[in-house]
Amino acid sequence: MTTIAPEEAAQEAAFDATVAADERIEPRDWMPEAYRSTLVRQIAQHAHSEIIGMQPEANWITRAPSLRRKAILMAKVQDEAGHGLYLYSAAETLGASRDELLDKLHTGRQKYSSIFNYPTLTWADVGAIGWLVDGAAITNQVPLCRCSYGPYARAMVRVCKEESFHQRQGYELLLTLSRGTDAQHAMAQDAVDRWWWPSLMMFGPPDDESSHSAQSMAWKIKRHSNDELRQRFVDICVPQAEALGLTLPDPDLVWNEDRGHYDFGSIDWTEFREVLKGNGPCNEQRINRRRRAHEEGAWVREAAAAHAAKHGKAGR
Amino acid sequence: MRDTVTTPALPLGDDALILSHRLGEWAGQAPVLEEEVALANIALDLLGQARVLLSLAGDEDELAYLREEREFRNLQLVEQPNGDFAHTIARQLYFSTYQELLFEQLADGDTELAPLAGKAVKEVAYHRDHATQWTLRLGDGTDESRTRMQHALDALWRFTGEMFEPVPGLESLPWATFHDVWTTRITATVEQATLRLPEGPQRGAWTAGAGRQGLHTEPFGRLLAEMQHLHRSHPGATW
């Protein structure tokens, strides 16, 4: 059994007091090792999701059907790279390095959001990702703007602003399709049919099965339970789907007067676990492409480092 | 074939459109995250230029999506596949150095292109600086990067002569001076990067000015097939 030094006990008390007072923990503050590692895991997973998440949308940049849409989509994918950059930077304030985190992604030791293991089969999928996937991400991330760890909370303020722009462009894209030709409307409906359930799974397993939730709530890294956020998202989406003139693929979706919320059908958690395990439609494709980009770029990074060393500048 | 559009906005718009498209192909595959942001940034600048220029020539989407290959007036240089990162940088160095000279001149003139050129020249100065910095890093980096960078400069050299064929409608610009200044600037960068200026001809045997006349290289047909497919599959639809 280890004894806690009085100094450390005082530090821990200061940490607890900061969290209890809803103030921010900053990089130089003492923090419990488990708090640090939980944050590194979560921020890294978030950063990885941003850069893997570029792939399904980049899939449509070269086929965007108008120059205006192409510009919007390019800007959106660029934003995701930017989010990746400042999230990796936030993780670096906790002592992790970007190279080490990327290595963990490439070797499967860290995860990214499972949603990006689904394919973008039509142009309408770009709209569905914006409306549903970015919408779900915002629902998850807005509370993170008040996360107890300062650099993460501040990064999320910026991320959420941009995500809310992405969500609106996705909605507007779908609205244009829904009101367009019959073929465009059908394309939009098909995309929503395929993305609805995976979007609900983005909030994670049900509360009684969520392994990390309780401690994260206590540390104020997390503010609401998975099921609470999922319900909030459903309640937001139903009227939006009506306004879009599209249906959500759930016959059990009905307003519950007593609860003041929409009831919805049960989620296929078997699919969720399978995709998480690696058996989704694109798991292998996504990670292989990421690894390949990294490997093919190795000589470029080495050249930049060698040049910087020769000329006395810091490398990338 | 629709009426031939004669404004110089068309060939210059096509240059920006096609190079932007090529740079967009890098999304998700750049060698380092900072370059995802940088390459997308350049692609977005060029797409913005293309939209203004094509709108001077007609309807931007009609021009981008409904023309056939022989109706495009872009340089063959900008349609060349990305290749490795060194090829992308060499293409950008050659093109941005040219575009900067051209736009500086146009910005000072009184054609309909002056407002766009005045705004774009600041963007292009950044594009040229980005390509220059990478040429220096790759040329004066490792043995492998030096070999790759030299190879890329050599491979694309034969597409550079076309840039100095006068663009129809802009015959009064100092094209010979552009060529001289361009060569001076490229030489300076290449030498600083410890590389050598390619020695071969700056044009292929039958391709002098070809892109500007609607004659393109094999990869261009595939680029257009991909770019235009969805738009053409839904005639008359709004996006």
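- Identification of chain B as 1,2-phenylacetyl-CoA epoxidase subunit PaaC from Streptomyces bugieae is taken from an unreviewed UniProt entry.

- An unreviewed UniProt entry annotates chain A as 1,2-phenylacetyl-CoA epoxidase subunit PaaA of Streptomyces bugieae.

## Let's talk about the interface of chain A and chain B
Point 1. With 47 residues of chain A at the contact, the number on the chain B side is 48 residues.
Point 2. When chain A packs against chain B, close to 4200 Å² is buried across both sides, 64% of that on carbon and sulfur atoms.
Point 3. At the surface where chain A touches chain B, the tally comes to 2 salt bridges.
Point 4. With a shortest N-O distance of 3.1 Å, D140 of chain B and K310 of chain A are connected by a salt bridge.
Point 5. Our count for the chain A to chain B interface comes out at 16 residue pairs in polar contact (both at pLDDT 80 or more).
Point 6. Among the elements of the structure, α3 (54–58), α4 (67–92), α7 (150–178), α8 (182–201), α12 (283–296) and α13 (298–310) of chain A are those that each provide at least two residues to the side of chain A that touches chain B.
Point 7. In terms of residue count, α4 of chain A provides more of the side of chain A that touches chain B than any other element does, 14 residues in total.
Point 8. Its residues placed into classes, the side of chain A that touches chain B shows 25 nonpolar, 11 polar and 11 charged.

## Some words on the pattern of salt bridges
Residue and element names in this part refer to chain A.
Point 1. Counted under the stated rule, the structure contains 32 salt bridges over all chains.
Point 2. The closest approach of N and O atoms between K76 and E57, which form a salt bridge, is 2.3 Å. Highlighted residues: K76 in helix α4 and E57 in helix α3, separated in sequence by 19 residues. Each member of the pair, K76 as well as E57, is classed as buried.
Point 3. Put simply, E274 and K277 hold a salt bridge, and the shortest N to O gap is 2.9 Å. Of this pair, E274 and K277 both sit in helix α11 (residues 269–279), 3 residues apart, which is roughly one turn of that helix.
Point 4. K277 gets classed as exposed once you look at its relative accessible area, which sits at 62%.
Point 5. If you follow the salt bridges from partner to partner, you end up with E57, K76, E80 and D134 in one network.

## So, the packing of helix α1 (residues 9–24) of chain B against helix α5 (residues 85–108) of chain B
Residue and element names in this part refer to chain B.
Point 1. At a minimum axis separation of 12 Å, α1 and α5 run at an interaxial angle of 150 degrees. Relative to α5, the element α1 lies roughly antiparallel. For the pair α1 and α5, the sense of crossing is left-handed. Residue-level contacts link L12, D15, L19, R22 and L23 of α1 to T88, R91, Q92, F95, Y98, L102, F103 and L106 of α5.
Point 2. Of the residues assigned to the contact of α1 with α5, the class counts are 8 nonpolar, 2 polar and 3 charged.

## Regarding the packing of aromatic side chains
Residue and element names in this part refer to chain A.
Point 1. Considering all chains together, one arrives at 20 aromatic pairs over all chains under this definition.
Point 2. Between F15 and W30, the ring centres sit 6.3 Å apart and the planes meet at 85 degrees, which makes this aromatic pair edge-to-face. Placement of F15 in helix α1 (residues 6–20) and of W30 in the loop between α1 and α2 (33–52) is noted, with a sequence separation of 15 residues between them.
Point 3. For F15, a relative accessible area of 3% translates into the label buried.
Point 4. With a relative accessible area of 26%, W30 lands in the partly exposed category.
Point 5. An angle of 75 degrees between the planes, with centres 4.9 Å apart, marks the rings of F15 and Y35 as edge-to-face. Residue F15 is located in helix α1, and its partner Y35 is located in helix α2; the two are separated by 20 residues in the primary sequence. Y35 carries the same exposure label as F15, and that label is buried.

Rules of the game
- Residues numbered from 1 in each chain as written.
- Chains lettered and ligands numbered in written order.
- Predicted model: local features only at pLDDT ≥ 70, side-chain atom pairs only at ≥ 80, totals over all residues.
- Heavy atoms only, no water.
- Contact = heavy atoms within 4.5 Å.
- Buried area = accessible area lost by both parts, 1.4 Å probe.
- Salt bridge = Lys/Arg side-chain N within 4 Å of Asp/Glu carboxyl O.
- Polar contact = N/O pair within 3.5 Å; in protein donor to acceptor, adjacent residues only side chain to side chain.
- Helix = DSSP H or I, 4+ residues; strand = E, 2+ residues; numbered from the N terminus.
- Nonpolar A, V, L, I, M, F, W, Y, C, P; charged D, E, K, R; others polar.
- Buried < 20%, exposed > 50% of the residue type's maximum accessible area, 1.4 Å probe, protein only.
- Axes fitted to C-alpha atoms, helices over the stretch in contact; angles between N-to-C directions.
- Parallel < 35°, antiparallel > 145°, perpendicular 65-115°, else oblique.
- Left-handed = near helix turned anticlockwise from the far one by under 90°.
- Phe/Tyr/Trp six-rings, centres within 6.5 Å; stacked < 30°, edge-to-face > 60°.

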